[in-house]
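Understanding the architecture of this molecule
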There are 2 protein chains.
Amino acid sequence: MKIAVDAMGGDNAPQVIINGVENARDQFKDIEFILFGNEEQISPLIKDNSRLTIVNTTEEISMGEEPVRAIRRKKDSSIVRAAQAVKEGTADAFFSAGNTGAILAAGIFIVGRIKGIDRPGLTSVLPVAQPGKQGHGFVYLDSGANAESKEKNMVQFAHLGRFYAKNVLKIDNPRVALLNNGAEEDKGDQLHKDVYQDLKEQQQLNFVGNIEAGDLLHGKADVVVSDGWTANAALKATEGSVRMMLTLIKDGILNGGLRAKLGYLLLKPVFHKIGHLMNPSLYGGAVLLGLKAPVVKAHGSADVTAVTKTIEQIHTMINTKVIDQTVDFFGNEENIDNKGKLD
Amino acid sequence: MKIAVDAMGGDNAPQVIINGVENARDQFKDIEFILFGNEEQISPLIKDNSRLTIVNTTEEISMGEEPVRAIRRKKDSSIVRAAQAVKEGTADAFFSAGNTGAILAAGIFIVGRIKGIDRPGLTSVLPVAQPGKQGHGFVYLDSGANAESKEKNMVQFAHLGRFYAKNVLKIDNPRVALLNNGAEEDKGDQLHKDVYQDLKEQQQLNFVGNIEAGDLLHGKADVVVSDGWTANAALKATEGSVRMMLTLIKDGILNGGLRAKLGYLLLKPVFHKIGHLMNPSLYGGAVLLGLKAPVVKAHGSADVTAVTKTIEQIHTMINTKVIDQTVDFFGNEENIDNKGKLD
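The structure contained in this document is the topic of the report that follows. (Residues numbered from 1 in each chain as written. Chains lettered and ligands numbered in written order. Predicted model: local features only at pLDDT ≥ 70, side-chain atom pairs only at ≥ 80, totals over all residues. Heavy atoms only, no water.)

Let's talk about helix H4 (residues 78-87) of chain A
Residue and element names in this part refer to chain A.
- Of all 10 residues in H4, seven are buried, a share of seventy percent or more.
- Taken together, the buried positions of H4 are occupied by Ser78, Ile79, Val80, Ala82, Ala83, Ala85 and Val86.
- Packing partners of the buried residues in H4 comprise strand S1 (2-6), strand S2 (32-37), helix H3 (67-73), strand S4 (93-96) and helix H5 (100-111).
- Following H4 by one or two positions, Gly89 adopts a phi angle in the positive range, close to 85°. (Buried < 20%, exposed > 50% of the residue type's maximum accessible area, 1.4 Å probe, protein only. Helix = DSSP H or I, 4+ residues; strand = E, 2+ residues; numbered from the N terminus. Contact = heavy atoms within 4.5 Å.)

Details of the pattern of salt bridges
Residues and elements named next belong to chain A.
- This model, assessed by the stated rule, comprises 23 salt bridges over all chains.
- Note that Asp118 is salt-bridged to Lys152, the shortest N-O span being 3.5 Å. Within this pair, whereas Asp118 is found in the loop between H5 and strand S5 (121-127), its partner Lys152 is found in helix H6 (residues 151-167), the two being separated by 34 residues in sequence.
- Salt bridges here are not isolated pairs; linked through shared partners, they connect Glu22, Arg25, Asp26 and Asp48. (Salt bridge = Lys/Arg side-chain N within 4 Å of Asp/Glu carboxyl O.)

Observations regarding the packing of aromatic side chains
- Within the structure shown, the criterion is met by 11 aromatic pairs over all chains.
- Between the aromatic rings of Phe138(A) and Tyr140(A), the centroid separation amounts to 6.3 Å while the plane-to-plane angle is 80°, which identifies the pairing as edge-to-face.
- Plain terms: the ring middles of Phe271(A) and Phe271(B) are 6.4 Å apart, the flat faces sit at 45° to each other, and that makes the pair tilted. Taken together, the residues span two chains, with Phe271(A) in helix H9 (residues 257-277) and Phe271(B) in helix H9 (residues 257-277). Neither residue differs from the other here; Phe271(A) and Phe271(B) are each classed as buried. (Phe/Tyr/Trp six-rings, centres within 6.5 Å; stacked < 30°, edge-to-face > 60°.)

Some points on the sheet that holds strand S9 (residues 223-225) of chain A
Residues and elements named next belong to chain A.
- Taken in spatial order, the 11 strands make up an open sheet running S3-S2-S1-S4-S11-S10-S5-S6-S9-S7-S8, and their pairing is mixed. Both edges of this open sheet fall to strand S3 (52-56) and strand S8 (206-211), since each of them pairs with a single strand only. Averaged over all neighbouring strand pairs, the angle between strand axes comes to 25°, with direction disregarded.
- The pairing of S4 with strand S11 (residues 295-297) spans three bridges and is classified as parallel. Within S11, the position partnered with Phe95 by the bridge is Val296.
- The strands touched by H5 within the sheet are S4, S5, strand S10 (286-289) and S11, with S11 carrying the most contacts at an inclination of about 180°. (Pairing = 2+ DSSP bridges. Axes fitted to C-alpha atoms, helices over the stretch in contact; angles between N-to-C directions.)

Brief notes about the relation of the copies chain B and chain A
- If you rotate chain B by 180° and push it 0.0 Å along the axis, it lands on chain A with an RMSD of 0.0 Å. When the rotation and shift are considered jointly, the pair of chain copies conforms to a two-fold rotation axis. The position closest to the rotation axis in chain B is occupied by the C-alpha of Gly263(B), lying 2.0 Å away. (Least-squares fit on C-alpha atoms with pLDDT ≥ 70 in both.)

Let's talk about the sheet that holds strand S10 (residues 286-289) of chain B
Residues and elements named next belong to chain B.
- Spatial ordering of the open sheet is given by S3-S2-S1-S4-S11-S10-S5-S6-S9-S7-S8, a layout of 11 strands whose pairing is mixed. Looking along the sheet, the strands with just one partner apiece sit at the ends: strand S3 (52-56) and strand S8 (206-211). Pairwise comparison of adjacent strand axes, ignoring direction, gives a mean angle of 25° for this sheet.
- In this sheet, strand S11 (residues 295-297) lies alongside S10 in antiparallel orientation, the contact comprising two bridges. By the bridge assignment for S11, Ala286 is matched with Lys297.
- Running over the sheet, helix H1 (residues 15-27) touches strand S1 (2-6), strand S2 (32-37), S3 and strand S4 (93-96) and is turned about 170° from S2.
- Packed onto the sheet, helix H10 (residues 304-320) meets S1, S2, S4, S10 and S11 and runs at close to 165° relative to S4.

Limitation: the analysis is restricted to geometry and does not speak to function.
Below, the structure written as structure tokens:
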């Protein structure tokens, strides 16, 4: 398999990207990489160039640029060229840690959507943090590709998430829940009430009902479906609060004198375990599901571990043919008929 | 001043409610209380009945009941009777820890909206948790009275929040921000883009721009305005994550052997400080702003401290005449003209 890598995207590119790629290359003997970027910058950073090809590009899309405009104008940017390679079949998947909007735009307009999918959903794997259930992850989408989602988009997200959980997280018959403002069936605005009824009718789905934002990390579902707006707000609030709690503890220790510092040393394994559990680097990148190939975005601040993990995730996506299964499902008119609201 | 208290609402009613009321009564010599509820149950729990009157009621609205139906049918419930007392002018404010929906419905349909306000907003005070800024609170609305909010509702929330922050939290010229999916001016769906422009135009508001859900507790604004749906999701995600972090730490200590327990003892002051900062009991109840009188809801699981704090908050609301100021503002045609989108 071949993975097209945007070597220039991310806060610590190209160094961190190349280190992560080399780690993954050594780990998975069946991956070849095509690195898109400034060859002069990239070349000297590579330790061993086996199964690595560099394709020189002359333009760069920066973090702040307006995405759609950028991918239309900068045809020789690493993002556009890497996406183009996937479109042309030179590569099987696209990886980047760059400008999120530009990656989404390149995914949608260059790689292209699966037939039957109206809007792809940005899909993250988040940790289950409930004591006793730790170490598991769950699938969360749309975590922010769309500011507005419609009923049929959300039903499609549910199926996309189901295939992903089954293949990549190896969860049989994944439990699918709807993010809503209450647990009961009649909760929510009209959109969420309608989606609830749609999901209940989908025979292929193991729909377990609504889930509230406060229970997100409790492990009550394997796939949490949401409109992009709400999922984005709940995810940011969750990440922000976890970070805030860690900051408060750190601040308390720093200002708590010798006693607190000694306490910290004794509790270090506990903090380490929590920090590890909550470390986004370990859960891979965000996948834009609904496209004809894996398009995966690592966080801009991704470290080497995060890059390696994200490539491992792409490796699993390609190996399990999760996208082919999704294409088959949405291409089958019978499924589309059964899904009612989908057509 | 007289406060109408639903003595029967909440997980630990009537005991906790009565204890909180007696604390507040001893603290504030200018408050008289009217307790609505089952007299037989309430009477024996009262230690000292000075400035306390009991009004016997024969019905109860339970936590799970459909709110609007419940307040229409159960005319002799403690919630309906207490709200009625405010409407008739027998009491100046209404306090309950009962069924949230029923309190909102009683507030809207019995106490009534301020002229010019279309939808009241449920208003919480949340802690600023950023190290160095701790101990402050900020005003957050609509935290969930409305599943759907319109542009003009959100502009009204901004003004309601401003009066509240100024009078109750004593913040001069409070900074008002809009909860959105990005910090930049052009972020958000159409609703949030429109509200951004409206807020920018309001001369009475010190509008400081967008705030993201991940920065909620950072102290960047004194009033955070949001549609009810998003604010509810972000608030629940925040509360859930804070609780989850505390649970993870507790679990780590319990399962970390002697070393972890010793570490905990040494770090106890740090944890205690964080627990105190994040303790919702200390920030009072949720106020349904936009009504003709203070209608304030404590959490169902409120303890004595929370009840006392919430009554202190009502005391401040009445003393500062925050509602009269709001009535004046929305009743002044010049303000309504200036507010453009408000009419």
